Amino acid sequence: MLLNTSNHLAQKIGGDRLKVLVTDKIAEEALDLLKEKHDVIFSEFSGEELLKEIHKYHALIVRSRTKVTKEVIEEGGNLKVIGRAGVGVDNIDIGSATEKGIAVVYSPRGSTFSVAELAIGHMISLARHLTYADRSMKEGKWEKKKLKGTELYRKTLGFIGSGRIGGEVAKRAHCFGMKTIAYDPYLPKDIAEKMGIELTSLDTVLKNSDFITIHALLTDETKGMIDEKALDKMKGTAFIINCARGGIIDEKALYKALKEKKIAGAALDVFEQEPPIKSPLLSLENIVFTPHIGASTKEAQIRSGVITAEQVMKVLDRQAPDFIVNKEVLEGKK
Ligand code: NAD
């Protein structure tokens, strides 16, 4: 579908080869696709350098490292589109982009399976103490008795937020014979039913789950949602996993709950500060970490990069993108 030429965005776009800046590593397949139609520069600019260079480009493509701040957007006088090769767009100032009529596109399904598989991996790892067992054997120990685990079969898996990734986690959990319940105030009941998930209150998820997995967006509502009070409601034998965004779990409260053994354990792929240098959580035995690798698979990188490149090219070609965060830009509204 061609964009209405009278709209704000379309008026600003020319027909020739345009300049695309890529500041975070994306798949070669995506770069090749972009290069067929545009001039592409890959450079890991950030901070002052990015501010100085951005005015030369019509499109900017980032992953999570580059912070696309209000200042970057203000300096990017020629920017028509910002592409986020991934899902979370919290590193982009959407308000400022919208204000300037810059489309923000992304690749919502690119890493869905990869993140879902990592969450399942963490759940199995916690249930069977896999990381501890590995470390202990490499230290020459044989701690068979200490390493009694729990089965997933017939356990309750509680979701905090269950959209694309949560739905894929639920499918896999059903194969293990788990019951799935969720707190997600925005998930329509019929979709939850199709996912085989029972929608319930946050309290019920906290109190009844043997495993809790977080797949909500980071918003003002979810920031710090899993605080001391919430952790206190969990079963003493329960585990919590966060492969969504750092900040949804209050890390100070989590440290306290784990230190005092109020819950059995946790696994985090995402942190309030990344990397979580000097986090006291790193000193605990009953927590497992991965360094924000939810989307780090070959397949997800290619999928996310190519989908994002396609979306950026659509905007530069005056076509309506399929995955846009600020639709109002297409409608010419600010
Ligand atoms: P999605 O939009 O499909 O699902 C998010 C769900 O959160 C929705 O169903 C929404 O209704 C729900 N939600 C919103 N506000 C809520 C609230 N206040 N309480 C409970 N639920 C709420 O997104 P997705 O693609 O499934 O991604 C889920 C999360 O995973 C996001 O935070 C995303 O940033 C993160 N993610 C992490 C990685 C990684 O590398 N670890 C990779 C991709 C995505």
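So, a few notes on the structure that sits alongside this text. Residue numbers here run from 1 along each chain, matching the order of that chain's written sequence. For this predicted model, a pLDDT threshold of at least 70 governs which residues receive local features, and a threshold of 80 or more governs which side-chain atom pairs are given and counted, while totals over whole chains, interfaces and linings are taken from all residues. Side-chain numbers come from the whole structure's heavy atoms, not from hydrogens or water.

## Things to note about the state of the cysteines
Part 1: Note on terminology: pairs of cysteine sulfur atoms within 2.5 Å are recorded as disulfides. Using the criterion set out here, one finds zero disulfides in the structure.
Part 2: There is no disulfide at Cys175, and the cysteine sulfur nearest it, in Cys243, is 18 Å away.

## Let's talk about the pattern of salt bridges
Part 1: Whenever Lys or Arg places a side-chain nitrogen within 4 Å of a carboxyl oxygen from Asp or Glu, that contact is recorded as a salt bridge. Taken as a whole and assessed by the stated rule, the structure comprises 20 salt bridges.
Part 2: In this structure, the salt-bridge partner of Arg172 is Glu168, at a minimum N-O distance of 2.8 Å. Taken as a pair, Arg172 and Glu168 lie in helix α8 (residues 164–175) at a separation of four residues, close to a single helical turn.
Part 3: Exposed residues in this analysis have more than 50% of their type's maximum accessible area, buried residues have under 20%, and partly exposed residues fall in between, with area computed by a 1.4 Å probe over protein chains only. Judged by its relative accessible area of 10%, Glu168 falls in the buried class.
Part 4: Between Lys235 and Asp210 there is a salt bridge whose closest N-O contact spans 2.8 Å. Linking Lys235 in the loop between α11 (228–233) and β10 (239–242) with Asp210 in the loop between α10 (202–208) and β9 (211–214), this pair joins segments that are 25 residues apart in sequence.
Part 5: Residue Asp210 is classed as buried on the basis of its relative accessible area, which comes to 14%.
Part 6: Each of Glu228, Asp232, Lys256, Glu260 and Lys262 takes part in salt bridges that share partners, so that together they form one network. Secondary structure elements follow DSSP: runs of H or I of four or more residues count as helices, runs of E of two or more count as strands, with numbering from the N terminus.

## Side note on the site of the ligand
Part 1: Note on terminology: near, applied to a residue and a molecule or strand, indicates that one of the residue's heavy atoms is within 4 Å of it. Around the ligand lies a shell of 27 residues, among which Arg164, Ile165, Asp184, Ala216 and Glu221 are the nearest.
Part 2: Any pair of nitrogen or oxygen atoms within 3.5 Å is treated as a polar contact; in protein, a donor-acceptor pairing is required on top of that, and neighbouring residues in sequence qualify only through side-chain atoms on both sides. Within the backbone of Arg164, one N or O atom sits 2.8 Å away from an oxygen atom of the ligand.
Part 3: Ile165 places a main-chain nitrogen or oxygen 2.8 Å from an oxygen atom of the ligand.
Part 4: Looking at the shell around the ligand residue by residue, the class counts come to 13 nonpolar, nine polar and five charged. Under the scheme applied, nonpolar residues are Ala, Val, Leu, Ile, Met, Phe, Trp, Tyr, Cys and Pro; charged residues are Asp, Glu, Lys and Arg; polar residues are all the others, including Gly.

## Here's the deal with the side chain of Thr98
Part 1: Checked against the element boundaries, Thr98 lands in helix α5 (residues 94–99).
Part 2: Accessibility expressed as a relative area gives 7% for Thr98, which makes it buried.

## Quick word on the environment of Ile263
Part 1: Inspection of the secondary structure puts Ile263 in the loop between α12 (251–259) and β11 (265–268).
Part 2: The class for Ile263 is buried, based on a relative accessible area of 1%.
Part 3: In this structure the C-alpha to C-alpha distance between Ile263 and Gly161, which are 102 residues apart in sequence, comes to 20 Å.
Part 4: For this analysis, residues touch if any pair of their heavy atoms sits within 4.5 Å. Those residues within four positions of Ile263 in sequence are excluded, and the remaining contacts are Leu231, Met234, Lys235, Gly236, Ala238, Ile240, Leu254, Ala257, Leu258 and Asn286.

## Side note on the sheet that holds strand β5 (residues 103–106)
Part 1: One open sheet holds the five strands; their spatial order is β2-β1-β3-β4-β5, and the pairing between them is parallel. With one partner strand each, in any of the chains shown, β2 (39–42) and β5 form the two edges of the open sheet. Strand after strand, the sheet turns through a mean of 20 degrees between neighbouring axes, direction not considered.
Part 2: Running at roughly 155 degrees to β5, helix α13 (residues 298–316) makes contact with β1 (19–22), β3 (59–62), β4 (81–84) and β5 of the sheet. Paired strands are those between which DSSP finds at least two bridges. Angles run from 0 to 180 degrees between N-to-C directions of axes, and those axes are lines fitted to C-alpha atoms, restricted for helices to the stretch in contact.

## Some points on unusual backbone geometry
Part 1: Across the junction of Glu274 and Pro275, the peptide omega takes the value -5 degrees, indicating a cis bond.
Part 2: When you line up the elements, Pro275 lands in the loop between β11 and β12 (287–289).
Part 3: Unusually for a residue other than glycine, Arg154 sits at a positive phi of about 65 degrees.
Part 4: Residue class for Arg154 comes out exposed when judged on its relative accessible area of 66%.
Part 5: A positive phi angle is found at His292, which is not glycine, with a value near 50 degrees.
Part 6: Mapping His292 onto the fold places it in the loop between β12 and α13.

## Comments concerning the packing of helix α2 (residues 28–37) against α13
For any two helices packed against each other, one specifies the crossing angle of their axes together with the interaxial distance.
Part 1: Direction vectors running N to C along α2 and α13 enclose 20 degrees, while the axes themselves pass 8 Å from each other. Considering their axes alone, α2 and α13 lie roughly parallel with respect to each other. Viewed along their axes, α2 and α13 form a crossing whose handedness is right-handed. Side by side, α2 and α13 meet where Glu29, Ala30, Leu33, Leu34 and Lys37 of the first sit next to Ile302, Gly305, Val306, Ala309, Glu310, Val312 and Met313 of the second.
Part 2: By residue class, the composition of the contact of α2 with α13 is eight nonpolar, one polar and three charged. Each angle is binned into one of four classes, with values under 35 degrees roughly parallel, values over 145 roughly antiparallel, values of 65 to 115 roughly perpendicular, and all other values oblique. The handedness criterion is simple: a crossing whose near helix is rotated anticlockwise from the far helix by less than a right angle is left-handed, and one whose near helix is rotated clockwise is right-handed.

## A closer look at the pairing of strand β7 (residues 179–183)
Part 1: Bridging between strand β6 (residues 156–160) and β7 involves five bridges; their strand directions are parallel. Residue Phe159 lies in a different strand from β7, and its bridge partner there is Ala182.
Part 2: By convention, orient the strands away from the viewer: a clockwise path from the first strand over the helix to the second makes the crossover right-handed. Each parallel crossover has a hand, and the one from β6 via α8 to β7 is right-handed.
Part 3: Assessed by its sense of winding, the connection that carries the chain from β7 through helix α9 (residues 189–195) to strand β8 (residues 198–199) is right-handed.

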